[in-house]
Amino acid sequence: MSDKFVWSEKTSHRYAYFDLLLSFNQLCGLAFVILSGYLFNTMEIGIKWPSEGDNGGINFHGMFMSTGLVFFQGEALLSHRMYRYDNKVLSKFIHTVFHLLAMGFFSTALAAMILQKNANVRSSIPVFTLLKGTKKRLRQKIRISVDDIKRKASQILDQTTKIYSRIELEKKSIEKRPRRKLCCRNLSLKERVEVVEGRGMPSKQ
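Within any chain, residue numbers begin from 1 and follow the written order of that chain's sequence. Whole-chain, interface and lining totals are the exception, using all residues; otherwise, since this is a predicted model, local features are given only for residues with pLDDT of at least 70 and side-chain atom pairs are given and counted only at 80 or more. As a rule here, side-chain values come from all non-hydrogen atoms in the structure, and water together with hydrogens is ignored.

1. Things to note about the overall build of the protein
And step 1. Each helix corresponds to a stretch of at least 4 residues labelled H or I by DSSP, and each strand to a stretch of at least 2 residues labelled E; elements are numbered beginning at the N terminus. The helix and strand inventory of the protein stands at 4 helices and 3 strands.
And step 2. Order of helices (α) and strands (β) in the protein, N terminus to C terminus: α-α-α-α-β-β-β.
And step 3. Taken over 205 residues, the protein has a buried fraction of 19%.
And step 4. For this analysis, residues touch if any pair of their heavy atoms sits within 4.5 Å. Considering only residue pairs separated by 6 or more positions, the protein has 46% of its internal contacts joining residues 24 or more positions apart.
And step 5. Shrake-Rupley sampling with a 1.4 Å probe provides the accessible areas, and residues are treated as covered by the protein chains on show and by no other component. Element-wise, carbon and sulfur atoms account for 64% of the exposed surface of the protein, whose accessible area totals about 16,600 Å². Only protein chains enter the accessibility calculation, which uses a 1.4 Å probe; a residue is then buried when its area is under 20% of its type maximum, exposed when over 50%, and partly exposed in between.

Below, the structure written as structure tokens:
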């Protein structure tokens, strides 16, 4: 048995497992699309183009998003692995087609959600109006917070001014008080001591 024959036998054996896993993967992808369609089609009104008075556009959005970004995107990534020994033009063509499908489904789902938000009766205000209102509310909150900070700062300044004025009044009242002379006896010197402005001066009795 030649080395070339052994290599080709190992390669074919390895690719048999790859084909098996690839088939299982494709079945899982198909089951995902079917179950997603069943789920979104049985929720409320089902899959429907956005219209006023129902939520069919939300289910439409979910179905197209899941199919485009999960199934078609996965197929686009697998195309390089599946056709790597074929002509590169074929693999790139299939890769591009699935990517375009993914982007198309994504764009359609995004447009459906925007139209649903604009057409829904419960939120009949357009999206740009909602954004404008949100911006206005944020400005009001910021303005209120700034006003609170200014008010608290003015209160602190008033309290500081009052405390400073009280200290000044206390200083002035202390300065206006008459100075008293205190007399005491120095027992060690047995002399009379007059205290004037904090200084003791001995004086004879």
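2. Considerations on the confidence of the model for the protein
And step 1. Across the protein, the average pLDDT comes to 75, with 70% of residues at or above 70.
And step 2. A residue's pLDDT is the predictor's confidence in that residue, given on a scale from 0 to 100. Per-element confidence in the protein ranges from a low mean pLDDT of 47 for strand β3 (residues 199-203) to a high of 89 for helix α3 (residues 88-119).

3. Considerations on the side chain of Ser-36
And step 1. Looking at the element boundaries, Ser-36 is found in helix α1 (residues 3-42).
And step 2. Apart from residues lying up to four places away in sequence, Ser-36 is in contact with Met-63 and Ser-66.

4. A short note on the side chain of Thr-67
And step 1. In this fold, Thr-67 is placed in helix α2 (residues 56-82).
And step 2. In contact with Thr-67, other than residues within four places in its own chain, are Phe-72 and Phe-105.

5. Here we look at the packing of aromatic side chains
And step 1. A pair of aromatic rings is counted whenever rings of Phe, Tyr or Trp (Trp by its six-membered ring) have centres within 6.5 Å, and the orientation is called stacked for planes under 30 degrees apart, edge-to-face for over 60 and tilted otherwise. Throughout the structure, instances matching the rule amount to 6 aromatic pairs.
And step 2. Ring geometry for Trp-49 against Phe-60: centres 5.2 Å apart, planes inclined by 85°, an arrangement best described as edge-to-face. Of this pair, Trp-49 sits in the loop between α1 and α2 while Phe-60 is found in helix α2, placing the two residues 11 residues apart along the sequence.
And step 3. Take Trp-49: its relative accessible area is 45%, and that puts it in the partly exposed class.
And step 4. On the basis of relative accessibility, which here comes to 11%, the residue Phe-60 falls in the buried class.

6. As for the environment of Ile-58
And step 1. Positionally, Ile-58 belongs in helix α2.
And step 2. Excluding anything up to four places from it in sequence, Ile-58 contacts Met-113 and Gln-116.

7. Observations concerning the nonpolar core
And step 1. As used here, the term nonpolar core means buried Ala, Val, Leu, Ile, Met, Phe, Trp, Tyr and Cys residues forming a set that is joined through side-chain atoms within 4.5 Å. Grouped together as the largest cluster of nonpolar side chains are 6 residues: Phe-71, Phe-72, Ala-76, Ile-94, Phe-98 and Ala-102.
And step 2. Listing elements by their share of this core, those giving two or more residues are α2 and α3.
And step 3. Beyond its immediate sequence surroundings of up to four residues, Ile-94 is in contact with Ser-79 and Tyr-83.

8. Looking at the UniProt feature "transmembrane region" (unreviewed entry) in the protein
And step 1. UniProt positions are given in the numbering used here, feature names are shortened, and annotations may be inferred rather than shown by experiment. Feature annotation in UniProt places "transmembrane region" (unreviewed entry) on residues 20-40, 60-78 and 90-115, given in this structure's numbering.
And step 2. Within residues 20-40, the helical portion is 100% and the strand portion 0%, while the C-alpha atoms at the span's ends are 30 Å from each other.
And step 3. Summarising residues 60-78: 100% helix, 0% strand, and an end-to-end C-alpha distance of 26 Å.

9. A closer look at the packing of α2 against α3
A pair of packed helices is characterised by two quantities: the angle between their axes and the separation of those axes.
And step 1. Think of each axis as a best-fit line through the C-alpha atoms, taken over the contacting stretch in the case of a helix, with angles from 0 to 180 degrees between the N-to-C directions. With their axes 8 Å apart at the nearest point, α2 and α3 run at an angle of 165° to one another. If you check the angle between α2 and α3, you find them roughly antiparallel. You can see that α2 and α3 cross each other, and the crossing is left-handed.
And step 2. Its residues placed into classes, the contact of α2 with α3 shows 18 nonpolar, 13 polar and 1 charged. Relative orientations are named as follows: roughly parallel for angles under 35 degrees, roughly antiparallel for angles over 145 degrees, roughly perpendicular for angles from 65 to 115 degrees, and oblique for any other angle. In this scheme the crossing of two helices becomes right-handed for a clockwise turn of the near helix relative to the far one and left-handed for an anticlockwise turn of less than a right angle. Basically, the charged four are Asp, Glu, Lys and Arg, the nonpolar ten are Ala, Val, Leu, Ile, Met, Phe, Trp, Tyr, Cys and Pro, and anything else, Gly included, counts as polar.

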